[in-house]
Amino acid sequence: MPISLYNTITRTKEPLTPIEPGHVKLYVCGITAYDYCHIGHARSALVFDMMVRYLRYRGLKVTFVRNFTDIDDKIIKRAAEQETTCTELSERFIRKFHEDMAALNIIQPDLEPKATEHVDEIIRMISLLIERGLAYQEGSDVYYRVNLFEGYGKLSGRQLDEMQAGARITINEAKENPMDFALWKGSKPGEPTWESPWGPGRPGWHIECSAMSRRYLGDTFDIHGGGKDLIFPHHENEIAQSEGATGCCFARHWIHHGFVTIKDEKMSKSLGNFLTIREVLALYPAEALRLLVFSTHYRNPLDYSDASMKDAVTGLERLYNCMDSLSKLPNGTDISESLIDQATQDRLLSLEDRFLEAMDNDLNTAQGLGLIYDTVKDLNRIRQTLGEKSSDIDITILKECGQTLTRLSGIMGLLNENPTTYLHDQKAEKLEDLEITPEEIQQLIEDRKIARSEKNWGQADEIRDLLLARSIELKDGPEGTSWHIKKD
RNA sequence: GGCGACGUAGCCAAGUGGCUAAGGCAGAGGUCUGCAAAACCUUUAUUCAGCGGUUCGACUCCGCUCGUCGCCUCCA
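First, a word on what this report is: a plain description of the structure on this page. Here the structure is a predicted model, which means the values were calculated and not measured.

## Re the overall build of chain A
Part 1 of the argument: When you go through chain A residue by residue, the secondary structure sums to 17 helices and 15 strands.
Part 2 of the argument: On the principal axes, the C-alpha backbone points of chain A span a range of 95 × 50 × 35 Å.
Part 3 of the argument: Burial analysis of chain A (488 residues in total) assigns 50% to the buried set.
Part 4 of the argument: A sequence separation of at least 24 residues applies to 77% of the contacts in chain A between residues at least 6 apart.
Part 5 of the argument: Of the roughly 23300 Å² that chain A leaves accessible, carbon and sulfur atoms contribute 50%.
Part 6 of the argument: Positive and negative charge centroids in chain A, built from 58 and 78 side chains respectively, lie 1 Å apart.

## What to know about the protein's contact with RNA strand B
Part 1 of the argument: In the vicinity of RNA strand B lie 50 residues, with Trp205, Gly227, Met267, Asp311 and Leu474 positioned nearest.
Part 2 of the argument: Taken together, the sugar and phosphate atoms account for 63% of what RNA strand B places within 4 Å of the protein.
Part 3 of the argument: The separation between a base nitrogen of RNA strand B and a polar main-chain atom of Val260 is 2.9 Å.
Part 4 of the argument: One of the backbone N or O atoms of Met267 is found 2.4 Å from a base nitrogen in RNA strand B.
Part 5 of the argument: Residue assignment for the surface near RNA strand B shows that the elements contributing at least two residues are α1 (39–57), β9 (221–227), β12 (265–266), α10 (306–327), α13 (365–386), α16 (438–453), α17 (457–469) and β14 (472–477).
Part 6 of the argument: Split by residue class, the surface near RNA strand B holds 10 nonpolar, 19 polar and 21 charged.

## With respect to the environment of Gly227
Part 1 of the argument: Mapped onto the elements of the fold, Gly227 is located in strand β9.
Part 2 of the argument: Take Gly227: its relative accessible area is 10%, and that puts it in the buried class.
Part 3 of the argument: Separated by 85 residues in the primary sequence, Gly227 and Ala312 have C-alpha atoms spaced 23 Å apart.
Part 4 of the argument: The residues contacting Gly227, other than those within four sequence positions of it, are His256 and His257.

## Notes on the environment of Lys449
Part 1 of the argument: Within the fold, Lys449 resides in helix α16.
Part 2 of the argument: On the basis of relative accessible area, Lys449 is assigned to the exposed category, the value being 56%.
Part 3 of the argument: Measuring from C-alpha to C-alpha, the distance between Lys449 and Leu431 comes to 22 Å, with 18 residues separating the pair along the chain.

How each quantity is defined
- Residues numbered from 1 in each chain as written.
- Chains lettered and ligands numbered in written order.
- Predicted model: local features only at pLDDT ≥ 70, side-chain atom pairs only at ≥ 80, totals over all residues.
- Heavy atoms only, no water.
- Helix = DSSP H or I, 4+ residues; strand = E, 2+ residues; numbered from the N terminus.
- Buried < 20%, exposed > 50% of the residue type's maximum accessible area, 1.4 Å probe, protein only.
- Contact = heavy atoms within 4.5 Å.
- Areas by Shrake-Rupley, 256 points an atom, 1.4 Å probe, with all protein chains shown as cover.
- Lys, Arg positive; Asp, Glu negative; His and termini not counted.
- Charge placed at Lys NZ, Arg CZ, Asp CG, Glu CD.
- Near = heavy atom within 4 Å.
- Polar contact = N/O pair within 3.5 Å; in protein donor to acceptor, adjacent residues only side chain to side chain.
- Nonpolar A, V, L, I, M, F, W, Y, C, P; charged D, E, K, R; others polar.

Right, dumping it as structure tokens:
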């Protein structure tokens, strides 16, 4: 069974067949570095992180390139506002980006090229486009002559004449056609500048991706990805530039993920309804954000809210609780018969196959997670029926299934921590917020133990209520009293 | 205005024409307990926005209507 992925350009799911067998070349549009990243950027990073992990899990070699756009109108504007240089600004936010990625446990791309370090390639590509008549110089600017590129609009499904009808009137009268876009912009005083055949200037937006993907992945490569909002104009223009310059097919597979929304509205800088990655990670564990992201298919919109994050935290805890219980399982005592019925055994043993099938189908992580929760339920149920007389066979099945589950979750970057450590750390963190120490709790439990042994229920309940008022709940079990933190 | 996506239980969310419409959260019942809470188990949609059509058969394909969102301008 091949891995099939939805291809924006054909609007169908297609099998992934790398040009070089067994080796996938992937280019993802990264950030424009001028501000902190929001959770929309996190989704993008997480989706491609999962994709790369999955392809590698399936035995494919992946060359993963994700660029930085570090010269751009927005950077120039922001640097001026902050009275700093573009270099300082972009480097600062690239650093912040790397911190965010590390906090999210995102795997490093193989290459992270920056636009400013590839101006030579950019200039060469623009020259080639001018030679081919697809670009023209106008003053100190160079524009792409959109109506001469036959396939213009093929990715976004638009016709040039239709777009012109709705296009905003361009201030720049120099363009032959309002849809023409800048490949090179002459620089104004104080702006970053590179020498070029058209005078001092800087690259336009779009061209850097064409130049850098060509440099590292060749004229044609397998997958090009990014957010849905990049389909037009960014990716459409990249196709025009690259295919115009090389005459070859640019990217075979176009992958676009959906937006993160808040109250069903797209998260964006202009609406001001965005949350940064670091704001979210200050409140919730990174894996909870991963769980939220992967519980929706990557092409659908993902609505972010505190409630959905809390659900994710609960769900993650359920997974870790299960794994923790498995890790504490005793060894099998005798070789009595298995207590696991055949149907359940079959289900457990086929987990990986079913998971891979879901993932092969356009990376259906939501379905994959469903299978994981199914398995957790099976494992918990079996664990409870085992009792004292657990057989080696059953213990082995449980432990092996737990390992499979951890391995598959790892494709989504989940269950990456030791379960006991995770649960302990989460507890410790919450206790800190509650300003109570385990020692204090333990002391009160001891006091209550005495009261209980004297059957002084009134005092025992008083202590329990006292702790409850501080969000600590007690549980009396056969092996003594345990405590946990109350959910809000 | 042009193009596109989506509408599945109280909420979130899978479902590539045919098996009981996954899974999670919340709710209800239970195991445990002096009572209780956590964890765990069980349970929760005769029905997939509405109306037509294609088909032996439709949540799934087609058309229309209603609703939500997105792109067409910087955007992940």
